[in-house]
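Each chain, letter by letter, is given below.
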There are 2 protein chains.
Amino acid sequence: MQTTLAPIEAPFARPQRLVPAAPAAATGQRIADRLRLIETVLAPKRRIVHAGDVIYRSGEAFSHLYLLNSGLFKLLSVSAEGREQVVGLKFRGDWMGFGAIAKGAYACDAVAMDTAEVWTVPYDELLRACAAHPALIEIVHEAMSSEIMRDRDSLTAMSTLPADARVVAFLHDWAAALADRGLRADQFSLRLTRAEIGNYLGLTLETVSRVLSKLVREQLITFNAPSRRDVCIPDFDALALFVQRRAARDLH
Amino acid sequence: MQTTLAPIEAPFARPQRLVPAAPAAATGQRIADRLRLIETVLAPKRRIVHAGDVIYRSGEAFSHLYLLNSGLFKLLSVSAEGREQVVGLKFRGDWMGFGAIAKGAYACDAVAMDTAEVWTVPYDELLRACAAHPALIEIVHEAMSSEIMRDRDSLTAMSTLPADARVVAFLHDWAAALADRGLRADQFSLRLTRAEIGNYLGLTLETVSRVLSKLVREQLITFNAPSRRDVCIPDFDALALFVQRRAARDLH
DNA sequence: CGAACGGTTGAGAGAACTCAACTGAAGTGG
DNA sequence: CCACTTCAGTTGAGTTCTCTCAACCGTTCG
């Protein structure tokens, strides 16, 4: 797979994600609390969007951050030649647009995959509000920090995991993201095509399809109805274990 | 390589990097300016470290950010089993520790690869200073934003580029990082072993070695002395072109 | 001098990709 | 209402790329 400097374990093992069985009472509470604070302090403009709607486009001047209150977004890095690369998936409570601060322009397209509610936060207004509300700055830093960690984990997964473990880690993280938000994680609809999943994971759509078929054979997942997009995950921890085993494999 | 949603070009093409021929007068000025501001506002504690020294370790409680004033650092994600993964390389002007804000603990080891000067910035002090100096907050946000973008670009490269282009992109980015800091970019010493480069890029050390040999044959690089770590890059733009071509290859 | 280490190179194996055929579902127009 | 098309998905066969295993070289260091 790649060069081993020393033995490694599950690279996708994000501490917060590996504790999916959070007390039901607290499930999704942190995220909701933060949203409420943002709401009261900033009174952001709310906006309902539908699948396919684009919040910002690559190249546009940066001015706003966006906070997802519901729904699902994908971030697409679009090259000059028009090829697209999925570089991120955003759930409720996630911010969009952090990457644009440094360059003063968005570097990707933010596309809704669903009916969603987006809160619009003018960046300069946010900065002013930060001066008045110290808690705000910490929330923003925490969100950026999380994004950095998530990217880093993805990078590690990409460089250490074989195809099947990558797909499993993807499912695991998706389920964990839902669980974090208090949504049911044992059964959900992937809203991406095989091509999009493959694009995101650095695999071909055929490989993704083959892996999913294999996972069904191995009973790690099942599909509801013939749609083949509604996944059931009978044993969440088995996913993490699969990834771990697969990563451990090449340490002899 | 991976699923194509639409045609793509060079994924490593980071706008700021693709303009390496910055006016000599301004070269490295932005970074120096920011360092100077931090220095005057925060008066951070300076610290000289040597190759192999560790600034923080995975698992330690988060309390400080670190700003690199000179030298080179690597960030190592270390698993429970002790296997290491290079997840980042830091140059002068780069911050270390952003990833730790969210979880309150560092998730990787920061290891000096060189004699280096590190500035120590207590995070709570930084937050207080931000309230007084609005410019400071923008600098920090910009640094975090840059890190997000860099990770995202690496992810794209990992998922779209074949082995040779990945190595070339790595050299290109290294040279660009040096150029950004006013250092000579046409000739420099890679301070990583083949194993470390491979680990970072998700390749084996043998593949890295083979690619480098091929690049020498194709005159994209040369080595100084038999050390095989001192690289000459006769034509910087040729590197970007190589990556671009290699990425464009699979769009038929 | 011998051991350890970084690096190079070759041969064979294995993983993922490409190309291609096929299915089923959904949508369109006659 | 039913051909016809399109699109997502599955599966197979062959190819290609990268990895694994191995031998070997040169340098450094005890």
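Our subject is the structure that appears above.
In this report, the structure presented in the accompanying data block is examined. (Residues numbered from 1 in each chain as written. Chains lettered and ligands numbered in written order. Predicted model: local features only at pLDDT ≥ 70, side-chain atom pairs only at ≥ 80, totals over all residues. Heavy atoms only, no water.)

A word on the packing of aromatic side chains
Part 1 of the reasoning: Under the counting rule described, the total for this entry stands at 18 aromatic pairs over all chains.
Part 2 of the reasoning: Measuring from ring centre to ring centre gives 6.0 Å for phenylalanine 170 of chain B and tyrosine 200 of chain B, while their planes differ by 65°; the resulting arrangement is edge-to-face. Residue phenylalanine 170 of chain B is found in helix α4 (residues 163-180), and its partner tyrosine 200 of chain B is found in helix α5 (residues 194-201); the two are separated by 30 residues along the sequence. Just as phenylalanine 170 of chain B is buried, tyrosine 200 of chain B falls in that class too.
Part 3 of the reasoning: Aromatic rings pair up to connect Tyr56, Phe62, Tyr66, Tyr106 and Tyr123 of chain A into one cluster. (Phe/Tyr/Trp six-rings, centres within 6.5 Å; stacked < 30°, edge-to-face > 60°. Helix = DSSP H or I, 4+ residues; strand = E, 2+ residues; numbered from the N terminus. Buried < 20%, exposed > 50% of the residue type's maximum accessible area, 1.4 Å probe, protein only.)

Describing the sheet that holds strand β9 (residues 187-189) of chain A
All names here are of chain A.
Part 1 of the reasoning: Judged by pairing direction, the sheet is antiparallel, and its three strands sit side by side in the order β9-β11-β10 without closing on themselves. The strands lining the two open edges of the sheet, one partner per strand, are β9 and β10 (222-223).
Part 2 of the reasoning: Across three bridges, β9 lies against strand β11 (residues 230-232) in antiparallel orientation. If you follow phenylalanine 188 over to β11, its bridge partner there is valine 231. (Pairing = 2+ DSSP bridges.)

Focus: the side chain of glutamate 147 of chain B
Part 1 of the reasoning: If you trace the backbone, glutamate 147 of chain B turns up in helix α3 (residues 134-160).
Part 2 of the reasoning: Excluding residues that lie within four positions of it along the chain, glutamate 147 of chain B makes contacts with Ile148 and Arg152 of chain A together with Lys90, Trp95 and Phe98 of chain B. (Contact = heavy atoms within 4.5 Å.)

A closer look at the pattern of salt bridges
Part 1 of the reasoning: Applying the stated rule across the entire model yields 26 salt bridges over all chains.
Part 2 of the reasoning: In this structure, glutamate 142 of chain A engages arginine 34 of chain A in a salt bridge whose closest nitrogen and oxygen atoms are separated by 2.3 Å. Highlighted residues: glutamate 142 of chain A in helix α3 (residues 134-160) and arginine 34 of chain A in helix α1 (residues 29-42), separated in sequence by 108 residues.
Part 3 of the reasoning: Arginine 46 of chain B is the salt-bridge partner of glutamate 39 of chain B, the closest N and O atoms lying 2.2 Å from each other.
Part 4 of the reasoning: Since its relative accessible area comes to 43%, arginine 46 of chain B is described here as partly exposed.
Part 5 of the reasoning: Among the charged side chains, a network of salt bridges with common partners joins Arg30, Arg34 and Glu142 of chain A. (Salt bridge = Lys/Arg side-chain N within 4 Å of Asp/Glu carboxyl O.)

With respect to the sheet that holds strand β11 (residues 230-232) of chain B
Residues and elements named next belong to chain B.
Part 1 of the reasoning: The three strands lie next to each other as β9-β11-β10, forming an open sheet whose pairing is antiparallel. Both edges of this open sheet fall to β9 (187-189) and β10 (222-223), since each of them pairs with a single strand only.
Part 2 of the reasoning: Relative to β11, β10 is paired through two bridges, and the arrangement is antiparallel. Looking at the pairing, threonine 222 lines up with cysteine 232 of β11.

Some points on the side chain of aspartate 164 of chain B
Part 1 of the reasoning: Tracing the chain through its elements places aspartate 164 of chain B in helix α4.
Part 2 of the reasoning: For aspartate 164 of chain B, the residues in contact, after removing those within four places along its chain, are Val211, Lys214, Phe242 and Arg246 of chain B.

Quick word on the state of the cysteines
Part 1 of the reasoning: Taken as a whole and assessed by the stated rule, the structure comprises zero disulfides over all chains.
Part 2 of the reasoning: Note on cysteine 130 of chain A: no disulfide assigned, nearest cysteine sulfur contributed by cysteine 130 of chain B at a separation of 8.9 Å.
Part 3 of the reasoning: Judged by its relative accessible area of 5%, cysteine 130 of chain A is buried. (Disulfide = S-S within 2.5 Å.)

Comments concerning the pairing of strand β8 (residues 116-122) of chain B
All names here are of chain B.
Part 1 of the reasoning: Within β8, seven of the seven residues are buried, which leaves the element mostly enclosed by the surrounding structure.
Part 2 of the reasoning: Of the two faces of β8, the one carrying Ala116, Val118, Thr120 and Pro122 and the one carrying Glu117, Trp119 and Val121 are both buried.
Part 3 of the reasoning: Relative to β8, strand β1 (residues 45-49) runs antiparallel, the two being bridged by five bridges. Looking at β8, one finds that valine 49 is bridged to alanine 116.
Part 4 of the reasoning: The pairing of strand β3 (residues 64-70) with β8 spans six bridges and is antiparallel. Bridge pairing in β8 links leucine 68 to valine 118.

Looking at the packing of helix α2 (residues 123-132) of chain B against α3 of chain B
Angle between the axes and distance between the axes are the two parameters that describe a pair of packed helices.
Residues and elements named next belong to chain B.
Part 1 of the reasoning: α3 packs onto α2 with a crossing angle of 125° between their chain directions and a minimal axis gap of 5 Å. As judged from the angle between their axes, α2 and α3 are oblique. Mapping the contact onto sequence places Leu126, Ala129, Cys130 and Ala132 in α2 and Pro134, Leu136, Ile137 and Val140 in α3.
Part 2 of the reasoning: For the contact of α2 with α3, a count of residues per class yields eight nonpolar, no polar and no charged. (Axes fitted to C-alpha atoms, helices over the stretch in contact; angles between N-to-C directions. Parallel < 35°, antiparallel > 145°, perpendicular 65-115°, else oblique. Nonpolar A, V, L, I, M, F, W, Y, C, P; charged D, E, K, R; others polar.)

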